[in-house]
Amino acid sequence: MSMYLRIFYSLLLFSLIVSCKNDKKEVTDAKSGATKWVDTLIYSDETHFKSLKQITFGGDNAEAYWSFDDKQLVFQSNYKGWNVNCDQMFLMDADETFKDKIPPMVSTGRGRTTCAYFLPDNKHIVYASTHLDNADCPEAPLRKNGKYIWPIYDSYDIFVADLKGNIIKQLTNEPGYDAEATVSPQGDKIVFTSDRSGDIELYTMNLDGSDVKQITFELGYDGGAFFSPDGTKIVFRSSRPKTEEEIKEYKDLLAEGLVQPTEMELYICNADGSDLRQLTNLGNANWSPFFHPSGEKILFSSNFESERGFPFNLYMIDLDGKNLKRITHSDTFDAFPVFSNDGKKLIFSSNRNNGGGHDTNLFIAEWQD
């Protein structure tokens, strides 16, 4: 999923980048266009953030997920300063920052990894990796025929590892793409994305990899799924080609192990796939959804208000698709919002405060409704 970051960086080349300034009592952040107050990273109108702390300070950092006890987080990074060539998994305590130190790596350091998530015992994680196919990082193409694309590596499989980086078990071994695994807050099920059916669909399985069930069946890329707090619902992003031209383009790209992730909407269903319905109809890319702690709203990232691809901001919407509300007010990129299990904090990825560069860092906010 973090391949989106590469796509967004390419788009940024078409935008004028100016360094942030925050040395006055009230300034306009030159990169975001939003008002930024002294001694804070919070932009004006970001009223749901009581405080905001920057966690990382270089590279592409994304998809940070809390342990079940909220004491630790696991996230992926390609920061060259941490001696990696592509995304690997790192562990952090909930109160740590990494300006002058390197977090411990909990993946193998081989291949490319994506989408780590804690298991309920707080001692193990699941994540996808390509390392069994090749120890080197696979190529990451960004464009085809002038359009942005995202590789669906057929070498991804899902593994369980301990917090020392030791792989304990391989959960998937089907040919093709198996990745994007997340765990129900109830601690009983995993939802993941796979193309084992010939299309990119959602599946659920037990924590030990047993009882695999396909839960989506319509043509299109279904991915980035998360359970509701009570484990009864799943929200995800999807590109659903409709016209003959769209269908042909989708199938042609998929045959090459590629998808075009620039037009997506959010969908919601029961945990078994029943009662599937479209949640958003906003246009452009709507993705990285996550349930509000109440289970009655969805927080997500979108560029639907943008005519040129940017900005991506966080929005919140009710489960019936009503009461859409903008949460962040950046002019670049905010995405991957994830609430702590106690609902008090939100971690997300942002381009804010990066000195006008392309770095995407992690930020933790104290959340207030």
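Refer to the structure printed above.
Residues numbered from 1 in each chain as written. Predicted model: local features only at pLDDT ≥ 70, side-chain atom pairs only at ≥ 80, totals over all residues. Heavy atoms only, no water.

Engineer: Would you mind going over the pattern of salt bridges in detail, with residue names and values included?
Structural biologist: Inspection of the entire model under this criterion finds 13 salt bridges. Residue Asp-252 pairs with Lys-248 through a salt bridge whose shortest N-O separation is 2.6 Å. With Asp-252 and Lys-248 both in helix α2 (residues 244–255) and 4 residues apart, this pair spans about one turn of that helix. One network of salt bridges, in which partners are shared, links Glu-46, Asp-334 and Arg-352. (Salt bridge = Lys/Arg side-chain N within 4 Å of Asp/Glu carboxyl O. Helix = DSSP H or I, 4+ residues; strand = E, 2+ residues; numbered from the N terminus.)

Engineer: Break down the sheet that holds strand β19 (residues 233–239) for me, with residues and values.
Structural biologist: In a beta sheet, neighbouring strands are held together by backbone hydrogen bonds and run either parallel or antiparallel to one another. Strand order in the open sheet formed by 4 strands is β18-β19-β21-β22, and the pairing between neighbours is antiparallel. The outermost strands of the open sheet, each flanked by one partner alone, are β18 (221–227) and β22 (277–278). When β19 meets strand β21 (residues 265–270), the two strands line up antiparallel, connected through 6 bridges. Note on β21: the bridge partner recorded for Arg-237 is Leu-266. (Pairing = 2+ DSSP bridges.)

Engineer: How would you summarise unusual backbone geometry if you had to cite specific residues and measurements?
Structural biologist: Positive phi, close to 65°, is recorded for Asp-70, a residue that is not glycine. Mapped onto the fold, Asp-70 is located in the loop between β4 (61–66) and β5 (72–77).

Engineer: Before we move on, can you summarise the side chain of Thr-204 with the specific residues and values?
Structural biologist: Tracing the backbone through its elements, the reader meets Thr-204 in strand β16 (residues 201–206). When neighbours within four sequence positions are excluded, Thr-204 is seen to be in contact with Ile-190, Val-191, Phe-192, Asp-211, Val-212, Lys-213, Ile-215, Ile-234 and Ala-271. (Contact = heavy atoms within 4.5 Å.)

Engineer: Lay out the pairing of β21 with the relevant residues and their values.
Structural biologist: Side-chain direction in a regular strand flips from residue to residue, so the side chains alternate between the two faces of the sheet. The buried fraction of β21 amounts to 5 of the 6 residues, a majority that puts the element mostly inside the structure. As defined by bridge partners, β21 adjoins β22 across 2 bridges and the pair is classed as antiparallel. Bridging across to β22, Tyr-267 finds its partner in Gln-278. Counted between consecutive antiparallel strands, the loop separating β21 from β22 contains 6 residues, among which Gly-273 sits at a positive phi close to 95°. (Buried < 20%, exposed > 50% of the residue type's maximum accessible area, 1.4 Å probe, protein only.)

Engineer: An account of the pairing of strand β29 (residues 361–367) is requested, with residue identities and associated values reported.
Structural biologist: Counted residue by residue, β29 has 6 buried out of 7 residues, so it is predominantly covered. Two strands pair when backbone bridges link them, and strand β3 (residues 49–54) and β29 are joined in this way by 5 bridges, in the antiparallel orientation. Residue pairing for β29: Ser-51 is matched across the bridge by Glu-366. As paired elements, strand β28 (residues 345–350) and β29 share 6 bridges and run antiparallel to each other. Among the inter-strand pairings, Lys-345 is bridged to a residue of β29, identified as Glu-366.

Engineer: Outline the packing of aromatic side chains, listing residues and values.
Structural biologist: In the structure shown here, the tally under the stated rule is 26 aromatic pairs. Judged by centre distance (4.8 Å) and plane angle (40°), the ring pair of Tyr-65 and Tyr-117 falls under tilted. Taken together, the positions of Tyr-65 in strand β4 and Tyr-117 in strand β7 (residues 113–118) put the pair 52 residues apart, joining distant regions of the chain. By relative accessible area, Tyr-117 is classed as buried at 8%. When the centroid spacing of 5.9 Å and the interplanar angle of 45° are considered together, the rings of Tyr-65 and Phe-226 count as tilted. Of this pair, Tyr-65 sits in strand β4 while Phe-226 sits in strand β18; the two residues are 161 residues apart in sequence, bridging distant segments of the chain. Across the pair, exposure class does not vary: Tyr-65 and Phe-226 are buried alike. By the ring-pair criterion, three or more aromatic residues cluster together here, those being Phe-49, Phe-339, Phe-348, Phe-363 and Trp-367. A cation over an aromatic ring shows up here: Arg-240 above the ring of Tyr-267, its NZ or CZ 4.5 Å from the ring centre. (Phe/Tyr/Trp six-rings, centres within 6.5 Å; stacked < 30°, edge-to-face > 60°. Lys NZ or Arg CZ within 6 Å of the ring centre and 35° of its normal.)

Engineer: Outline the environment of Pro-138, supporting the account with residue identities and numerical values.
Structural biologist: In this structure, Pro-138 sits in the loop between β8 (124–129) and β9 (143–144). Those residues within four positions of Pro-138 in sequence are excluded, and the remaining contacts are Gly-111, Arg-112, Thr-130 and Tyr-153.

Engineer: Residues and numbers for the sheet that holds strand β26 (residues 325–326), please.
Structural biologist: The antiparallel open sheet is built from 4 strands, whose spatial order is β23-β24-β25-β26. For this open sheet the edge positions go to β23 (286–291) and β26, each flanked by a neighbour on one side alone. One ladder, built from 4 bridges, connects β23 with strand β24 (residues 297–302); its direction is antiparallel. Across the sheet, residue Phe-291 finds its bridge partner in β24, namely Ile-298.

Engineer: Got a sec to walk through the environment of Glu-96? Specific residues and values, please.
Structural biologist: Inspection of the secondary structure assignment puts Glu-96 in the loop between β6 (88–93) and β7. Of the residues examined, Glu-96 reaches a relative accessible area of 17% and is grouped as buried. When near neighbours in sequence (up to four residues on either side) are disregarded, Glu-96 contacts Ile-55 and Lys-101. There is a polar contact of 2.7 Å between the side chain of Glu-96 and the backbone nitrogen of Asp-93. Of the polar contacts made by the side chain of Glu-96, one reaches the side chain of Lys-101; its length is 3.0 Å. (Polar contact = N/O pair within 3.5 Å; in protein donor to acceptor, adjacent residues only side chain to side chain.)

Engineer: Outline the state of the cysteines, listing residues and values.
Structural biologist: In protein chemistry, a disulfide is the covalent bond that joins the sulfur atoms of two cysteines. Enumeration over the complete set of coordinates arrives at 1 disulfide. A sulfur-sulfur separation of 2.2 Å characterises the disulfide bridge that pairs Cys-86 with Cys-137. Between Cys-86 and Cys-137 the sulfur-sulfur dihedral comes to about -85°; the bridge is accordingly left-handed. Of this pair, Cys-86 sits in the loop between β5 and β6 while Cys-137 is found in the loop between β8 and β9, placing the two residues 51 residues apart along the sequence. (Disulfide = S-S within 2.5 Å.)

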